[in-house]
Structure formats: C-alpha cells, structure tokens
Amino acid sequence: MKVIEPKQVCGRLTVQCRSGSASNGDALWECLCICGNTKVVRAANLRSGDTVSCGCFRKEQTAKLAQPFAALAATKHGHARREGKRTPTYNTWQHVISRCTDPSSDRWRWYGAVGVQVSERWKVFENFLMDMGERPSDTTLGRFGDVGNYEMGNCAWMTKQQQLYTRRANEKANVDSSTGVKGVGWDKSRKLFRAQIRINGKNMSLGRFITIGEAEQAYQKAKESMLLCLREADSMLP
Ligand SMILES: [Zn+2]
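Let us look at the structure shown here. (Residues numbered from 1 in each chain as written. Predicted model: local features only at pLDDT ≥ 70, side-chain atom pairs only at ≥ 80, totals over all residues.)

## Quick word on the pairing of strand β4 (residues 38-42)
With five bridges joining them, strand β3 (residues 27-33) and β4 adopt antiparallel strand pairing. The partner of Leu-32 across the bridge, within β4, is Thr-38. Hairpin connection between β3 and β4: a loop of four residues separates the two successive antiparallel strands, and Gly-36 in this loop has a positive phi of roughly 110°. (Pairing = 2+ DSSP bridges. Helix = DSSP H or I, 4+ residues; strand = E, 2+ residues; numbered from the N terminus.)

## Notes on unusual backbone geometry
Of note in the backbone geometry, Lys-7 takes a positive phi value of approximately 75° without being a glycine. For Lys-7, the location among the structural elements is in the segment before β1 (9-10).

## Side note on the nonpolar core
Val-96, Cys-100, Tyr-150, Ala-215 and Tyr-219 are the most contacted members of the largest nonpolar core, which has 22 residues in total. Looking at this core, the elements with two or more residues in it are α3 (88-101), β8 (192-199) and α6 (212-235). Composition of this core by domain shows at least three residues from each of domain 2 (80-172) and domain 3 (173-238). With residues up to four places along the chain from it excluded, the contact list for Cys-100 reads Tyr-111, Gly-112, Val-116, Gln-117, Val-118 and Tyr-150. Counting residues in hydrophobic clusters, the runner-up holds seven residues, among them Leu-13, Trp-29, Cys-31 and Leu-46. (Core = buried A, V, L, I, M, F, W, Y, C linked by C-beta atoms within 7 Å. Buried ≥ 20, exposed ≤ 12 C-beta atoms within 10 Å, placed from the backbone. Domains from an automatic or database assignment. Contact = placed C-beta atoms within 7 Å.)

## Points about α3
The terminal C-alpha atoms of α3, which comprises 14 residues, lie 20 Å apart, in line with the 20 Å expected from a rise of 1.5 Å per residue. The set of residues buried in α3 consists of Thr-89, Tyr-90, Thr-92, Trp-93, Val-96, Arg-99 and Cys-100. In this fold, the buried residues of α3 make contact with α4 (125-132) and β5 (140-143). (Expected span 1.5 Å × (residues − 1).)

## Observations regarding the pairing of strand β2 (residues 13-21)
Two faces make up the sheet, and in a regular strand the side chains alternate between them. Note: β1 against β2, two bridges, orientation antiparallel. Residue pairing for β2: Val-9 is matched across the bridge by Thr-14. Hairpin connection from β1 to β2: two residues lie between these consecutive antiparallel strands, with Gly-11 at a positive phi of about 65°. Between β2 and β3, which pair antiparallel and follow one another directly, the connecting turn spans five residues, one of which, Gly-25, has a positive phi of 95°.

## Structural notes on the environment of Asn-154
Its place among the elements puts Asn-154 in the loop between β5 and β6 (155-158). Sequence-wise, Asn-154 and Phe-144 are 10 residues apart; in three dimensions their C-alpha atoms are separated by 5.8 Å. Not counting residues within four places of it along the chain, the set of residues in contact with Asn-154 comprises Arg-143, Phe-144, Gly-148 and Asn-149.

## A few points about the sheet that holds strand β7 (residues 184-187)
Judged by pairing direction, the sheet is antiparallel, and its three strands sit side by side in the order β7-β8-β9 without closing on themselves. The open sheet terminates on both sides in strands that have one partner only, identified here as β7 and β9 (202-209). Taken over all neighbouring pairs, the strand axes of this sheet differ in orientation by 35° on average, direction set aside. Both β7 and β8 contribute to a ladder of four bridges, which runs antiparallel. Across the sheet, Val-184 pairs through a bridge with Ala-195, a residue of β8. (Axes fitted to C-alpha atoms, helices over the stretch in contact; angles between N-to-C directions.)

## Some words on the sheet that holds β3
Taken together, four strands build an open sheet; the order of strands is β1-β2-β3-β4 and the sheet is antiparallel. Only two strands of the sheet have a single partner each, and these edge strands are β1 and β4.

Set out below in structure tokens:
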C-alpha cells in the first residue's frame, strides 16, 4: 500500500501536511491543488486515485461533457428535447440550417452550394417556430416553386403531394427548346450538347458532351442523385 507523505503528487494535488484523522481513523492530509485551492483529503482516497483535485477537475469534465447540450438545455421553447426526443419541428429546422450553412452536410450541394440561404431571423429556432407554427404530421417544409431562400413568405408546411407538385413546376422550366430534351441544351458556340440541372430556379451546368445521349445521361445521373437526396431528407422526418 502506497504511503502518503508530504510533497507527494496525486493528480492535481500536492500533499502538504497531516490534518488529523477522520472519525473512522483514516489519516487526513491537507493538499494544495494546482488551481490554488486547498482541500483536506482522506489518505485512502489519495491512494485509490478517487480524489485527484480539489473538485476543479470534475467540474471541468462535467462542463466539457455538457457543452454540446448547453445550448439545447438553455432553450425555453422545450422543442429541443421533449421526453428526451427532439420534436419534428425542431428536427426540420435543424436540417434546414445544416443543409444551407454546413458544407459538410450531404445535402449542401443542393442548397447552400447553390445559394439557398436561411434568413437571419430563422437562424433562431424561436423565430422559426413563431412564424411557421408546429409542423403538422405528414408534412415537410417546402419552398414555393422549390426555389428561393428559407424565409417567411417563401415557405409552407407541405404534404408530399404539394412538394411533388412544386418540384414538377420547377422541372417543366428545365426543358430546353433547342433540343426538346429535359436537362440538355445545345451550346451553339462550342458545338456541344450541354447538360444542366435546375436547382433553386437556376440552371447548374453538368458539363458539355459530344452526343446528346451522354448529356442526357449526365442529367439523369445528377437528377437521381438529387431526388435520392431529397427522398432521404423526407424519410428522415418522423
Ligand atoms: Zn483545484
């Protein structure tokens, strides 16, 4: 058994001097912590390593663990955690924020990357909740025409059908009159077919191709990837 003696270092504590005995006979030692506090500790606790600081170490660890949840715990709306689960409205809001502001989000390329923004007001959940109300079941947050920013006046809780309708209207605008093929246009100056996909009301180039088939294939591939992404986004919603 390790003997406790002055100047011994136990974690953040340095043993100073004997400070009597506990009622059960355990030796008590006065220790100096690196933070400047002194603390009287039982010899047994110093030996076992149960006590390694004046209490500052545990406080720091607890704070570190609590950090990611601190923002949620501090919310007054109660949406962040209701019965330990996030509410549908809160989930939707968080997805919107992440796809528009986080380049590491797998949906970023269809949103943030093409300039879809969240209004400053909606970066605060309480404001979003106040403007949109609670999310009705079987709906997701849609933008009118599937274009523009996430902001008051451009969004509504939409059913799947409403979402499809608004996306279809957007796709109709993507048929190029020069080829009659969806997603494929003719680049007159370069004499090549160009594939493009319509996102956020703008045409995003997918490259230029010698044959119309290649261009169409590029468009279909991008579209599948986009739809898969949108389906995943929807299916994630409870
Ligand atoms: Zn301390």
